[in-house]
Protein chains: 2
Amino acid sequence: MAKSVTILDVAARAGVSKSAASLALRGTGYVSEARRRAVLEAAEELGYRPNAAARAMGSARSGIVGLILDDLRNPWYVPAVEGLSDGLHAAGLSPLLGDWRLEGAALAERCLELRVEGLVLVGTLDGAEELLPPLGPLPVVQVGAARAQVPGAAVVTNDDAEGARRVVRHLTGLGHTRIAHLADPGTSVGDARRAGFEEEARRAGLDAVTVPAGRTEEAGRLAALGVLRSEPRPTAVFAVNDMAALGALSAAEELGLRVPEDLSLAGYDDTPAARLRAVGLTSVDNASREAGRVAAALLAEMIAGHGRPPGGAGPGAAATLLNPELKVRTSTAPPPAVVRRARPAQAG
Amino acid sequence: MAKSVTILDVAARAGVSKSAASLALRGTGYVSEARRRAVLEAAEELGYRPNAAARAMGSARSGIVGLILDDLRNPWYVPAVEGLSDGLHAAGLSPLLGDWRLEGAALAERCLELRVEGLVLVGTLDGAEELLPPLGPLPVVQVGAARAQVPGAAVVTNDDAEGARRVVRHLTGLGHTRIAHLADPGTSVGDARRAGFEEEARRAGLDAVTVPAGRTEEAGRLAALGVLRSEPRPTAVFAVNDMAALGALSAAEELGLRVPEDLSLAGYDDTPAARLRAVGLTSVDNASREAGRVAAALLAEMIAGHGRPPGGAGPGAAATLLNPELKVRTSTAPPPAVVRRARPAQAG
DNA sequence: ATGAAAGCGCTAACAA
DNA sequence: TTGTTAGCGCTTTCAT
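Definitions and cut-offs
Residues numbered from 1 in each chain as written. Chains lettered and ligands numbered in written order. Predicted model: local features only at pLDDT ≥ 70, side-chain atom pairs only at ≥ 80, totals over all residues. Heavy atoms only, no water. Contact = heavy atoms within 4.5 Å. Buried area = accessible area lost by both parts, 1.4 Å probe. Salt bridge = Lys/Arg side-chain N within 4 Å of Asp/Glu carboxyl O. Polar contact = N/O pair within 3.5 Å; in protein donor to acceptor, adjacent residues only side chain to side chain. Helix = DSSP H or I, 4+ residues; strand = E, 2+ residues; numbered from the N terminus. Nonpolar A, V, L, I, M, F, W, Y, C, P; charged D, E, K, R; others polar. Pairing = 2+ DSSP bridges. Axes fitted to C-alpha atoms, helices over the stretch in contact; angles between N-to-C directions.

The name given to chain A in an unreviewed UniProt entry is LacI family transcriptional regulator, with Sinomonas atrocyanea as the source organism.

See the structure below:
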């Protein structure tokens, strides 16, 4: 066992005391320039590598934060995690990764044992309110969830309602007046997007319908099949996400409708599939990478400051909404100049 | 500052010594049943939570492993990381996440400071050979790379050559004899897939061509445009990945070729886009989640055993190849029963 | 500006 | 079986 080199060895080599070496190494406190140099040099020569565990013991600062993901499979998280990783690194913090679905509360437990300096929750964690152990005043920021699941946690998320409004504005700008929304009710993103859709539709006095669908291609296809067969048929469909929109695309093909000549189509998330040239789906880019970075910065600030305000249950915790960006592609165009059909006998 | 409860508090409450409490808590060594029970109960009542840093100091075991990703954005890694996370958790290890591109060698440094028990490298890390600090006998496993970048590291990866062979066998089984491969030369996966393609093509005595393309849709489109205009035109195209295959799909459309009637198309990676019903791209599923899990198990074993054999430079390190699975969809079909065109005057 | 010394919370070798 | 006693490597008062 090669004894690893400790700060003691460095101090000895530099001819100073242990504490002087400690101070010099971290650049804290008062050390004469000469000694500092000597220490640094000695450390270099010896290949000294501080022991994080020991440092954590002494200083009560681990330099670690917990990164708890709702579900790694959700592609939305990837850029968010990337931004997070970036932002945390910039703040000198290292993320300990875990999957909530897989590891559940044991993960949180482990984070507490490691004395993490903060926690990042990504997505909405099923049952987190009950399952999470008491966190005390530990700083927590939650990314990509509609509301905080931990009292006092800061929330950073994309403004899904605004993204939906932008889609509607884009479509009305093209001249559409009958727009259908394929929704994913019951999920926080789904509901936010629907709310934005309906709000803007109302404001514009549109003939708008919302139909429940889901997040998968098949769900989008079935719902679209229904709505595209109804009278009067909408001239545009805005789906809750790209997958559902692509399902709607299949439905349009099945019904012999051309996109965008007969039907405009928009999705959400700006996935790679939307960007395919054969698809060219107008979509909304979440900028979730930015969300991750902002969240990291926020957490670092909370850590540097005084932790989470013990305020508790109030909904007053900071919520940061990030603006999404509309990506206009070839799937949206002005509506066909349809001859208005004779009104179906409605009141007769 | 609420002093946190230590093992001393637990011991006192249970009326035993510090070490008895320690042993009881971990279930190691000899403790009478009565005392063990008392300790566990006391810990429970006090809400005792062991301090990982302190434990690490005493036992020289941190319970942490470094998880260094080449690039989080690469979608291939997501399932791999998931499997890794799962497998590590099963082994009682927690992954510390980092992005090689973003943080580079500083990340490895940080891992060493934390005294991680092992390292997982995901993907091929640019310049890792020079940039990584000396790792000593630290167990390392590398996932998804063609070869180990650290001497003696275990390698777990998908068998890309085998996947390519399976695609070729599928196509020849359908009756194709002229197949083009859109390659991504210079990358380890690209080269492995090309090698598998060429090997199987040779074995089957095919009329095969390999053209350099790339991993993007546009690269695939351009390369396909070229190869589909050549004479004799191939009846099937196998692209290095789904994106390139989808580019080839665009190219086919541009040239008025129907898929699969006039042209069969296959990709690799089984991405969500390939699964779209409007696309139905035959592809290869890497099972990289499994790769992650296997890698985690392997690392746990190395940690439990005697670390990485100091053997060093030899290529003898274990390499585990995982079999991919062919996903046949609607983009591949028997070749058109073409009338053989008059040979273009070649030797004239 | 510098050094001595007292922990931090836990494990492990030892003695009883 | 159980309790005592050293450390582990670093930070941080507190004197000097």
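So, about the interface of chain A and chain B. Each partner contributes to the interface: chain A provides 51 residues, whereas chain B provides 50 residues. Where chain A abuts chain B, roughly 4,500 Å² becomes buried across the two surfaces, and 60% of that area is made up of carbon and sulfur atoms. Of all residues in chain A, A:Arg49, A:Leu97 and A:Arg277 bury the most surface against chain B, accounting for 15% of the area lost on that side. Between the two partners, chain A and chain B, sit eight salt bridges. At the boundary of chain A with chain B, the tally comes to 22 residue pairs in polar contact (both at pLDDT 80 or more). By residue number, the principal contributor to the side of chain A that touches chain B is helix α5 (residues 77-90) of chain A, which donates six residues. Per-class residue counts for the side of chain A that touches chain B are 26 nonpolar, eight polar and 17 charged.

Residues and elements named next belong to chain A. The residue after Glu231, namely Pro232, is reached through a cis peptide bond having omega -10 degrees. Structurally, Pro232 can be placed in the loop between α11 (217-229) and β8 (236-239). Residues Val259 and Pro260 are joined by a peptide bond in cis, for which omega reads 5 degrees. Mapped onto the secondary structure, Pro260 falls in the loop between α12 (242-254) and β9 (264-266).

Residues and elements named next belong to chain A. Read across the sheet, four strands follow the order β7-β6-β8-β9 without closing on themselves; strand pairing throughout is parallel. The open sheet has two edge strands with one neighbour each: β7 (207-212) and β9. In this sheet, neighbouring strand axes are inclined to one another by 15 degrees on average, regardless of whether the strands run parallel or antiparallel. Here strand β6 (residues 178-183) pairs with β8 via four bridges, running parallel. Among the inter-strand pairings, His181 is bridged to a residue of β8, identified as Phe238. Sitting on the sheet, α11 is in contact with β6, β7 and β8, with an inclination near 150 degrees to β6.

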